[in-house]
Amino acid sequence: PPPVRAIRGEILHFLGDPVEHGAAALEHFADGVLVVRDGYVAELGDSDALLAKLSAETPIEDFRGKLILPGFVDTHVHYAQSDIIASYGEQLLTWLEKYTYPAERHFANPAHAAAVAEFFCDELLRNGTTSASAFATVHPASVDALFAAALKRRMRLIVGKVLMDRNCPDFVRDSAAGGYAESRALIEKWHGRERLLYAVTPRFAATSTPEQMRLAGRLLAEYPGVYLQSHVAENRGEVAWIAELYPEARSYLDVYERFGQLGPRSVFAHCIWLDDTDRARMAASGAAMSFCPTSNLFLGSGLFDLDRAQALGVRVGIGTDVGAGTSFSMLRTLSEAYKVLQLNGQRLSAERAFYLATLGGARSLYLDDCIGSFAPGREADFVVLDPAATPLLARRSAACATLAERLFVLMMLGDDRAVAETWVLGEPAWRRG
Ligand code: GUN
Ligand code: FE
């Protein structure tokens, strides 16, 4: 592959949060060029200025008519639940028993894990997602399978082995000591290899004993730079159960804090039934929320409060939460986020939505120094969106007067069909048709 290449088209990325910085948060080139050198962003600017500077041999990829954005960042997803998307009729706790644990059981088989990991990574790329924070299952082989599939595609992924040593069927249960030892071995094997990072992954406080929770906190202390991912305050029945299991804790979130699991690089999915003390603790610790709107609607969990998270200064990213979430598409996920916030009397502008799906997600994972924008030196992961992918999109986009309107139409009506190409480290990783 050529060491330098130029990508031409309409280009958009974020320098900051549109809520804080308004129009200055965003950089937009109607006819722009992204110069990539050895997989990293070298320069970004107007085509007039940049094309003239390039040597005659530099290959130019021409995407005029398309919109180029940094690759999407999915901050919460379960690869092993790819096969149970759209499973009928349950809310969280019965959904776990009826569909999730039986599906995750099969990941003891490395061949099954490898096949699903391949499907999952391809599906991410087909939807323009180049980075994700993903749950595997309780089986160490399930982690190996996903890391191997991501490595092959050079994707930036955070993955962890699920820790669960109680309140679940024995076929998906580990032990406090065993889960600790397996996590250590996986960290040693994978964390920091190429673009791969490890997350200590207690499923949620209900399925770990206090001893396992303590050891999960110990892993974080022993391995600075390793992540923690879990679920918190998703469903009202779940919240009541946690209060019974941990009567000494002030709140559900407080359980994680007591076990040393609240800190920067801690990512908690859902965060619906929190109070402002919880939100303030998350902000102070640097932990992040993953807002998973399709999941929250599908399981009937509740409505995320983005305004309160913002008011208290908590980091927020967007998660598909497949397979409780119903789509791998970040575009579809953003449209559901808009609707969830509507039901909560809140507004999500298109600029803010695309910020959350790119730089905001990267920031929530402390990865904005490598992904999430086209600032020089960033890893050149990007998605090429086709604003005319369907007859309706074409018609509706053509009628828009402003960039904000066009972005809003794209996020409300777009899905995987709107993703023309996905590039990883300056090379094409997926192409439509
Ligand atoms: N809480 C504990 N496990 C899960 C899971 O797999 N999905 C969701 N949505 N919530 C959870
Ligand atoms: Fe989840």
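An unreviewed UniProt entry annotates the protein as Guanine deaminase of Aromatoleum diolicum. Within the UniProt record for the protein, the comment given under Sequence similarities (unreviewed entry) is "Belongs to the metallo-dependent hydrolases superfamily. ATZ/TRZ family." Within the UniProt record for the protein, the comment given under Function (unreviewed entry) is "Catalyzes the hydrolytic deamination of guanine, producing xanthine and ammonia."

Below, the discussion takes up the overall build of the protein. Secondary structure summary: the protein contains 16 helices and 16 strands in total. Against the globule reference of 22 Å for 433 residues, the protein gives a C-alpha radius of gyration of 21 Å, in line with a compact fold. Dimensions of the protein, computed from C-alpha atoms along their principal axes, come out at roughly 65 × 45 × 40 Å. In the protein, which comprises 433 residues, the proportion classed as buried is 57%. Long-range contacts, defined as pairs at least 24 residues apart, comprise 74% of the intrachain contacts of the protein with a sequence gap of at least 6.

Attention now moves to unusual backbone geometry. Trans peptide bonds make up most of the peptide bonds, and negative phi angles are found at most residues other than glycine. The omega torsion across valine 322 and glycine 323 is 5 degrees, close enough to zero to call that bond cis. Its location among the elements puts glycine 323 in the loop between strand S13 (315-318) and helix H13 (330-343). Positioned with a positive phi, arginine 154 is a non-glycine residue whose angle comes to about 60 degrees. Within the secondary structure, arginine 154 sits in the loop between helix H5 (140-153) and strand S7 (156-160). When the 18 C-beta atoms within 10 Å are taken as the criterion, arginine 154 is described as partly exposed. One non-glycine residue with positive phi stands out, namely leucine 425, at about 45 degrees. Relative to the helices and strands, leucine 425 is located in the loop between strand S15 (419-424) and strand S16 (427-431). By the C-beta count within 10 Å, which is 20 here, leucine 425 ends up buried.

Another aspect to go through is the domain arrangement of the protein. Along its sequence, the protein is carved into domain 1 (4-70 + 374-431) and domain 2 (72-348). Listed by partner, the interface residues are 17 residues for domain 1 and 18 residues for domain 2. Put simply, the parts of the chain that give the side of domain 1 that touches domain 2 at least two residues each are helix H16 (403-413), S15 and S16. Across the side of domain 1 that touches domain 2, the residue classes tally to 11 nonpolar, two polar and four charged.

The next subject is the pairing of strand S6 (residues 129-135). Counting buried positions over the seven residues of S6 gives seven, a clear majority of the element. As judged from the five bridges shared by strand S5 (residues 72-78) and S6, these two strands associate in the parallel manner. For aspartate 74, the partnering residue across the bridge sits in S6 and is alanine 132. For S6 and S7, the ladder comprises five bridges, and the chain directions are parallel. Note on S7: the bridge partner recorded for serine 133 is isoleucine 158. Crossover connection from S6 via H5 to parallel S7: handedness right-handed.

Around ligand 1, a shell composed of His78, Leu92, Leu96, Thr100, Arg203, Phe204, His231, Glu234, Ser295, Asp321 and Ala324 is seen. Among the elements that line the shell around ligand 1, the one with the most residues is helix H3 (residues 92-105), at three residues. Residue classes in the shell around ligand 1 are distributed as four nonpolar, four polar and three charged.

Of all hydrophobic cores here, the largest spans 141 residues; its most connected members are Leu34, Ala134, Leu146, Val159 and Ala353. If one sorts the elements of this core by residue count, helix H14 (residues 350-364) sits on top with eight residues. Domain assignment of the residues forming this core places at least three in each of domain 1 (4-70 + 374-431) and domain 2 (72-348). Apart from the residues within four sequence positions on either side, alanine 134 is in contact with Val77, His78, Tyr79, Leu146, Leu157, Ile158 and Val159. Core analysis: the next-biggest nonpolar cluster, separate from the first, contains seven residues, Trp95, Leu96, Phe298 and Ala324 among them.

This part is about the UniProt feature "domain: Amidohydrolase-related" (unreviewed entry) in the protein. In the UniProt entry, the feature "domain: Amidohydrolase-related" (unreviewed entry) is given for residues 68-427. End C-alpha atoms of residues 68-427 are separated by 14 Å, and the span's content is 44% helix alongside 17% strand.

Strand order in the open sheet formed by seven strands is S3-S2-S1-S4-S14-S15-S16, and the pairing between neighbours is mixed. Only two strands of the sheet have a single partner each, and these edge strands are strand S3 (40-46) and S16. Neighbouring strand axes in the sheet, compared pairwise and without regard to direction, differ in orientation by 35 degrees on average. In this sheet, S3 lies alongside strand S2 (residues 26-37) in antiparallel orientation, the contact comprising six bridges.

A few words now on helix H4 (residues 110-126). In this model, H4 (17 residues) spans 24 Å end to end at C-alpha, consistent with the 24 Å of a helix rising 1.5 Å per residue. Within H4 the residues assigned to the buried category are Ala113, Val116, Ala117, Phe120, Cys121, Leu124 and Leu125. Considering only its buried residues, H4 is in contact with S5, S6, H5, S15 and S16. Following H4 by one or two positions, glycine 128 has its phi on the positive side, about 85 degrees.

Rules of the game
- Residues numbered from 1 in each chain as written.
- Chains lettered and ligands numbered in written order.
- Predicted model: local features only at pLDDT ≥ 70, side-chain atom pairs only at ≥ 80, totals over all residues.
- UniProt positions renumbered as here; feature names shortened; annotations may be inferred.
- Helix = DSSP H or I, 4+ residues; strand = E, 2+ residues; numbered from the N terminus.
- Rg over C-alpha atoms; globule rule 2.2 N^0.38 Å.
- Buried ≥ 20, exposed ≤ 12 C-beta atoms within 10 Å, placed from the backbone.
- Contact = placed C-beta atoms within 7 Å.
- Domains from an automatic or database assignment.
- Nonpolar A, V, L, I, M, F, W, Y, C, P; charged D, E, K, R; others polar.
- Pairing = 2+ DSSP bridges.
- Right-handed = clockwise from strand over helix to strand, strands pointing away.
- Near = placed C-beta within 6 Å.
- Core = buried A, V, L, I, M, F, W, Y, C linked by C-beta atoms within 7 Å.
- Axes fitted to C-alpha atoms, helices over the stretch in contact; angles between N-to-C directions.
- Expected span 1.5 Å × (residues − 1).

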